[in-house]
Each structure stands twice: as C-alpha cells, then as structure tokens.
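Here are the chains, one letter per residue:
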Amino acid sequence: MSIEKLLEKNIDESKQGEVLQLSENEKSGRKMYIESYGCQMNFSDSEIVASILHNEGFSTTKDITEADLVFVNTCSIREKAELTVRKRLEFYNSIKRDKNPGMLVGVLGCMAERLKEQFLEEEKLVDIVVGPDSYRDLPNLIAQVEDGRKAVNVFLSLEETYADISPVRLGGNGVTAFVSITRGCDNMCTFCVVPYTRGRERSRNPESILKECQDLFNDGYREITLLGQNVDSYLWYGGGAKKDFKKASDTAKANSLNFANLLDKVAQVNPKLRIRFSTSNPQDMGVDVIDTMAKHENICNYIHLPVQSGSSRILKLMNRGYNRDKYLKLIDDIKQRIPDCAISMDMIIGFCTETEEDHKETLSLMDYVTYDFGYMFKYSVRPNTPAARMEDDIPEETKQRRLAEIIEKQQAHSLLHMREKLGNSYEVLIEGISKKSEQHYYGRTTYNSAVVFEKGNHRLGDYVMVKIEDCTSATLKGKVI
Ligand code: SAH
Ligand code: F3S
C-alpha cells in the first residue's frame, strides 16, 4: 500500500466536520448550524452549546443557507486541524456572500482560545470568538453582535464544568453518549497546546455525572464514555481546580473521590449500561482503576493509553512523566489483571531530536504491547508550547517514512487481534446501520472492535451474541447466534 493510502487510513480526523442537528425542532425563531472538529470533548461541548442556545429559542439546522448563526467548534492540536477550520471559514464566507448575507459566524473552542482577537482582525468574516470555558456567555455575546459590535470571550476558568447543563444530544444514535467528567489539563506535555487552550484541570461534581448517566440509561442509551483530557486524574473535593486540592479542608480531603471511586459508582448505575473512558494518561493511571474495571462486567475491557514514544529519552523531552519501563510495567499490570483487555495508543513520530535508535525503540515497544488499535501522528509544532523553543529538526521525508513504518506495524497487529477472534462469539451492542449496507447493523464488542452482521429482528440498543466469521484489520463480520 502506498504511504499516502496508509496515512489516509490513519487520520483521526475521519469523524471531522460532522454537522450536528437537534431532533426535529420546528420551533419558529432563529436557527443555528454547528460543525465540530477535533476530539470527543469538542463534540460533547457542542452539545452544551446547543443546550444553552436551545434555551434562547434557537433550533438547529443542517442547512447552512437558512442559518441565522453558524458555529464552528475548532481544534488546535496539529497545524492540519487548524488549516481544515480555515478552509471551512472560507466556505462560510462564500455562503454569506452568495446565499445568506445576514448570517453571523462564531468560532468556538481551542482555536478561538489560542488566537483570540487576532481572529477578528485576520478573518474579517468572524463575528464571535468564544473559548471553551465561556459558553454560558453566548446569549450576551450574540446580543452584543446584533448590536453591531464584535464579541470575544476567551476567559479560562478554574471552576467551570457545565455540571448543571443537560447536553442536547446532537447527531447521535440514541445508544452511545459522551459524559464529560474533567476539563482542562495540568500535565504540560511539551508538544501539547491543550493546557493553553483549555486551561487548568478541574473535575465535575460526581452527583451530576451519576444523574446524567442515569438519565441517559432511562432514555434508552446503553453505553457512555466518560471524557476528559486525563480522566485518571479526576479528583472531586467539593469544587475548584485540582492544583488547589492542597489548600482544601481536612474534611474535604477525607471525602474526596478519585477516578477509581467514580468509575465504581458509574458502573453501578445499571448493569446493562456499558462504560468506557478516555483518555488515560499512563502517568496517572493506577492499579485501582484496573481493579475497578476487573470488578465490573459492564466496564469495557478496553483502555486507550497514549504512549507517544518508545524511547525514554524522547519521553523525557516530552515531559510525559513516565519512561519506557514504567509504561511497560503498567501494560504488564493491565495484562495480568485483565488478560483479555484490548489496548490502544497515540504515538507521535519525529519529535525534536528523534534518532533512528529512538524510532527503533518505538517499534520494539509496539512489538511488546501488540496494540489492538493506534492513532499515529507526525509531530507538528504548536506555537508557544515549550517544544516550540526546541528545533523541529527531523526532515519531512524522515517523518513520513517513520510514520509509514509505524502504521504498517500497527495494521499488522490490528489484523492479528482481529484474526484471533475468528470462530469465537462475542456480545455486541447494536449502535447503528452499517455504512456499507442497509441490511446490516454495526456494533462493538467490549474490546471496542467494530462488528457488522445481518439485521434480523433486532433493534438499536439491543445486546446480541455474534459469532465472528470474517475480518479485515478494522472490522469483524459475523452472524447473530
Ligand atoms: N490527553 C491525551 C492527549 C490529547 S491530544 C493524553 O493523555 O495523551 C491527542 C493526541 O494528539 C495526543 O495523544 C498526541 O498523540 C497527539 N498530539 C498532541 N499534540 C501533538 C502535536 N503537537 N503534534 C502531533 N501530535 C500531537
Ligand atoms: Fe496534552 Fe499531555 Fe494533557 S498530551 S492534553 S498536555 S496529558
């Protein structure tokens, strides 16, 4: 397969640009159109934005030409993600010019936070710029714009978790949903823009999390993914930033709740509600989390555990807070406690000073772990991060070649894991209709592997046992038994 093909298959931007829409809401009044890019947290945030504006009488539309308000929820993680958004802004510009002159355009999320007012100056089209912690201010900002002024709010909060806002589930399947549990990140990996665009880490009130999960179950949802940049770092002690925990009272400390405690409670909402979580940072994931997973049948046997590099020297430059040995010890702990646990990773290729030797260590680490899935990226310098002060010295062709080698290895490992499943039967939660055939359903196993099978008389949200008969490196095919 050509490098381009391999790269194309690897893009995590595959889900990008999904247009979200409320279930039919024929309320007369103003209409908004919202598009989301980037991580699951952005998709989840768009549901909070929709909820806030729904209360202001806005309904959503999939037709941009009839929208009064167009929002794009943006991602800054790599340069490519930002370029995609800039292209979309050009597209909105053409719509505004040719078809819908009255529409207002707002930029939300990480790019808004990173570029702030600069956006209003550079992109003449943008009317509103709102960072991830300021969505409650949207009604005021919209009023301000309608008053003829440009509107910006990029204030980052130590407390905001939107705990009391019931997200309006957009564009979903009615079976799986995201529930955000932490916001921000304190880890300061040297390559990463997130601490600057999403602010300090804070955890959401567990009661509001449990209520949201229970409500979702009552509404027919059967799987939730607990979301955070670093879920294992969850710490509830009555509110406030994690960095201020030291200053909390002794009672607050004694009553505090960590991620394993929260996971244990969420798992008890209902045995028929599947639980996943993302993302785990190896530096914060404790054995208590693995034990909680092992204890509850409904917590899926799947951990996304970004590694970023197999070389301890590079991990140190990245300020990841663990080295190769510590990461592999965690992998051993997982495999010992949950022998069939599926594991996936994120990997950055071509970070500053990466030698051929470092690259080989990455390849050998992959051989040791044999990940089920992987998301692999070329290093992309993000302005104003600590790594931006180092030299981005790996030539583009070298990055490209190393990335292709890593993707090829990952595909072989993914295929290996898929083949292991041939002939076995697994419980699958039905999530939707297969993209390729109307006659087939799509669902996932506990291991997060996609399964396609004939519909029969089953319905979305049902659990079925499927015997696996065939596979590719990405999908299992089988029959309901
Ligand atoms: N919180 C997660 C990561 C969030 S960003 C964690 O614990 O690691 C998602 C992924 O994007 C990261 O895991 C990393 O692999 C990749 N990434 C982040 N910054 C990047 C950069 N500057 N260049 C290339 N990839 C990057
Ligand atoms: Fe980024 Fe590292 Fe946090 S990758 S999101 S700074 S854990």
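Numbers given for residues are sequential positions, taken from 1 along each chain in its written order. Ligands are numbered from 1 and chains lettered from A, in the order in which they are written. Reporting of local features is limited, given that this is a predicted model, to residues whose pLDDT is at least 70; pairs of side-chain atoms are given and counted only at 80 or more, and all residues count toward the totals for whole chains, interfaces and linings. To get the side-chain values, take all heavy atoms of the structure and skip hydrogens and water.

Trainee: Just checking my understanding: could you explain helix H6 (residues 138-146) for this structure?
Mentor: Residues spaced three or four apart along an α-helix point in a common direction, a consequence of the helix completing one turn every 3.6 residues. Whether a residue is buried, partly exposed or exposed follows from its accessible area with a 1.4 Å probe, protein chains only, as a fraction of its type maximum: under 20%, in between, or over 50%, in that order. Under the scheme used here, helices are H or I runs from DSSP no shorter than 4 residues and strands are E runs no shorter than 2 residues, and both carry numbers assigned from the N terminus. Taken residue by residue, H6 has Leu138, Leu141, Ile142 and Val145 as its buried positions. Around the axis of H6, the buried residues are gathered within 100° of arc, so they sit on the same side. Any two residues whose heavy atoms approach within 4.5 Å at even a single point are treated as in contact. Against the buried residues of H6 lie helix H2 (40-54), strand E4 (69-74), strand E5 (104-109), strand E6 (128-130) and strand E7 (151-153). At the C-terminal side of H6, glycine 148 shows a positive phi close to 95°. By arc we mean the arc of the directions from the helix axis to the C-beta atoms, nothing more.

Trainee: How do you make sense of the site of ligand 1 when you look at a structure like this?
Mentor: Near ligand 1 lie 16 residues; those nearest to it are Phe191, Gln229, Gln308, Asp346 and Ser380. We define a polar contact as two N or O atoms separated by no more than 3.5 Å, with the added condition that, inside protein, one atom must be a possible hydrogen donor and the other a possible acceptor, whereas residues neighbouring each other in sequence contribute only through side-chain atom pairs. In the model, a nitrogen atom of ligand 1 is placed 2.8 Å from a nitrogen or oxygen of the serine 380 main chain. All accessible-area figures derive from a Shrake-Rupley calculation using a 1.4 Å probe, and residue coverage is judged against the displayed protein chains alone. Here ligand 1 has 550 Å² of accessible area as a free molecule, and 91% of this is covered by the chains. At the level of elements, strand E16 (342-349) and strand E17 (373-378) are the ones that each hand at least two residues to the shell around ligand 1. In this classification, the charged set is Asp, Glu, Lys and Arg, the nonpolar set is Ala, Val, Leu, Ile, Met, Phe, Trp, Tyr, Cys and Pro, and all remaining amino acids, among them Gly, are polar. Along the lines of polarity and charge, the residues of the shell around ligand 1 split into 6 nonpolar, 5 polar and 5 charged. Near is defined per residue: the residue qualifies when any heavy atom it owns lies within 4 Å of the molecule or strand.

Trainee: Quick question: what am I supposed to make of the environment of isoleucine 430 here?
Mentor: Mapping isoleucine 430 onto the fold places it in strand E18 (residues 425-433). For the pair formed by isoleucine 430 and phenylalanine 453, sequence separation is 23 residues and the distance between their alpha carbons is 9.8 Å. If we ignore the near neighbours within four places in the chain, the residues touching isoleucine 430 are Val175, Tyr441, Tyr442, Gly443, Phe453, His458, Arg459, Leu460, Gly461, Asp462 and Val464.

Trainee: I'm lost on the sheet that holds strand E14 (residues 274-278) in this one. Help?
Mentor: Two orientations exist for strands paired in a sheet by backbone hydrogen bonds: parallel and antiparallel. At least two bridges found by DSSP between two strands is the condition for calling them paired. Ordered in space as E8-E11-E14, the 3 strands form an open sheet in which the pairing is parallel. Edge strands, defined here as strands with exactly one partner in the open sheet, are strand E8 (176-180) and E14. On average, each strand axis in the sheet is tilted by 25° relative to the strand beside it, whichever way the strands run. Where helix H8 (residues 206-218) meets the sheet, its contacts fall on E8 and strand E11 (223-227), and the angle it forms with E8 comes to roughly 170°. Axis definition: a line fit to C-alpha positions, over the contact stretch in the case of helices; interaxial angles, taken between N-to-C directions, run 0 to 180 degrees. Along the sheet face, helix H10 (residues 259-267) touches E11 and E14 and points at about 155° away from the line of E14.

Trainee: Can you help me understand the sheet that holds strand E15 (residues 302-304) in this one?
Mentor: The strand order across the open sheet formed by 3 strands is E15-E16-E17, and the pairing between neighbours is parallel. The strands lining the two open edges of the sheet, one partner per strand, are E15 and E17. On average, each strand axis in the sheet is inclined to that of its neighbour by 10°, with strand direction left out of account. Judged from the 3 bridges that link them, E15 and E16 form a sheet pairing that is parallel. Paired with isoleucine 303 across the bridge in E16 is isoleucine 343.

Trainee: Looking at this structure, how should I read the domain arrangement of the protein chain?
Mentor: Frequently, the measure chosen for interface size is the accessible area that the parts lose on association. Domain borders in the structure are assigned automatically or taken from a domain database. Under the domain assignment used here, the protein chain contains domain 1 (3-153), domain 2 (176-420) and domain 3 (425-480). Summarising the inter-unit geometry, the C-alpha centres of domain 1 and domain 2 are found 27 Å apart. Each partner contributes residues to the interface: domain 1 has 23 residues there, and domain 2 has 28 residues. Taken together, the two surfaces of domain 1 and domain 2 that pack against each other cover about 2400 Å², and 58% of this comes from carbon and sulfur. Any Lys or Arg side-chain nitrogen found within 4 Å of a carboxyl oxygen on Asp or Glu counts as a salt bridge. Joining domain 1 to domain 2, the criterion identifies 5 salt bridges. The quantity reported as buried area is the accessible area (1.4 Å probe) lost by two parts once they are put together, taken as the sum for both.

Trainee: Mind showing me how you'd approach the packing of aromatic side chains here?
Mentor: How two aromatic rings sit relative to each other is set out by the distance from centre to centre and by the angle between their planes. Under the pairing criterion, centres of Phe, Tyr and Trp rings, with the six-membered ring standing for Trp, must be within 6.5 Å; the plane angle then separates stacked pairs below 30 degrees from edge-to-face pairs above 60, leaving the rest tilted. Across all of its chains, the model carries 10 aromatic pairs by this definition. Ring geometry for phenylalanine 191 against phenylalanine 351: centres 6.4 Å apart, planes inclined by 80°, an arrangement best described as edge-to-face. Taken together, the residues phenylalanine 191 in the loop between strand E9 (182-183) and helix H7 (194-198) and phenylalanine 351 in the loop between E16 and helix H14 (356-369) connect sequence positions 160 residues apart. Residue phenylalanine 191 is classed as buried on the basis of its relative accessible area of 11%. Overall, phenylalanine 351 belongs to the buried group, its relative accessible area being 0%. Taken together, a centroid distance of 5.2 Å and an interplanar angle of 75° make the contact between phenylalanine 259 and phenylalanine 277 edge-to-face. Of this pair, phenylalanine 259 sits in helix H10 while phenylalanine 277 is found in strand E14, placing the two residues 18 residues apart along the sequence. Neither residue differs from the other here; phenylalanine 259 and phenylalanine 277 are each classed as buried. Aromatic rings pair up to connect Phe191, Phe351 and Tyr379 into one cluster. A cation over an aromatic ring shows up here: arginine 86 above the ring of phenylalanine 119, its NZ or CZ 5.6 Å from the ring centre. Here, a charge over a ring is recorded when the distance from Lys NZ or Arg CZ to the ring centre is within 6 Å and its angle to the ring normal is within 35 degrees.

Trainee: What am I meant to see in the pattern of salt bridges here?
Mentor: Pairing of side chains with opposite charge becomes possible as their charged atoms draw close. One pass over the full model with this rule turns up 39 salt bridges. The salt bridge partner of aspartate 164 is arginine 136, with a shortest N-O separation of 2.8 Å. Of this pair, aspartate 164 sits in the loop between E7 and E8 while arginine 136 sits in the loop between E6 and H6, and the two are 28 residues apart along the sequence. Two residues, glutamate 361 and arginine 324, come together in a salt bridge whose shortest N-O distance is 3.7 Å. With a gap of 37 residues between them, glutamate 361 in helix H14 and arginine 324 in helix H13 (residues 324-337) connect regions that are remote in the sequence. The partly exposed category is assigned to glutamate 361, whose relative accessible area is 26%. You can call arginine 324 buried: its relative accessible area is 15%. The network of salt bridges with common partners includes Asp45, Asp133, Arg183, Arg198 and Arg202.

Trainee: Before we go on, may I ask you to explain the pairing of E11 in this structure?
Mentor: A regular strand carries its side chains on alternate faces of the sheet. The buried count for E11 comes to 5 of 5 residues, which makes it a mostly enclosed element. Burial along E11 is two-sided: the face carrying Glu223, Thr225 and Leu227 and the face carrying Ile224 and Leu226 are both buried. Sheet analysis places E8 next to E11, joined by 5 bridges and oriented parallel. Of the residues in E11, the one forming a bridge with threonine 176 is glutamate 223.

Trainee: Looking at this model, I keep getting lost on the pairing of E5. Mind explaining?
Mentor: Extensive coverage of E5 is indicated by the burial of 6 of its 6 residues. Here E4 runs beside E5; their pairing, made up of 6 bridges, is parallel. Within E5, the residue paired with valine 72 across the bridge is valine 107. This β-α-β element, E4 to helix H3 (residues 79-98) to E5, shows right-handed connectivity. With 3 bridges joining them, E5 and E6 adopt parallel strand pairing. Looking across to E6, one finds that leucine 108 is bridged to valine 130. Crossover handedness is defined by viewing with both strands directed away from the observer: a clockwise path from the first strand over the helix to the second marks the crossover as right-handed.

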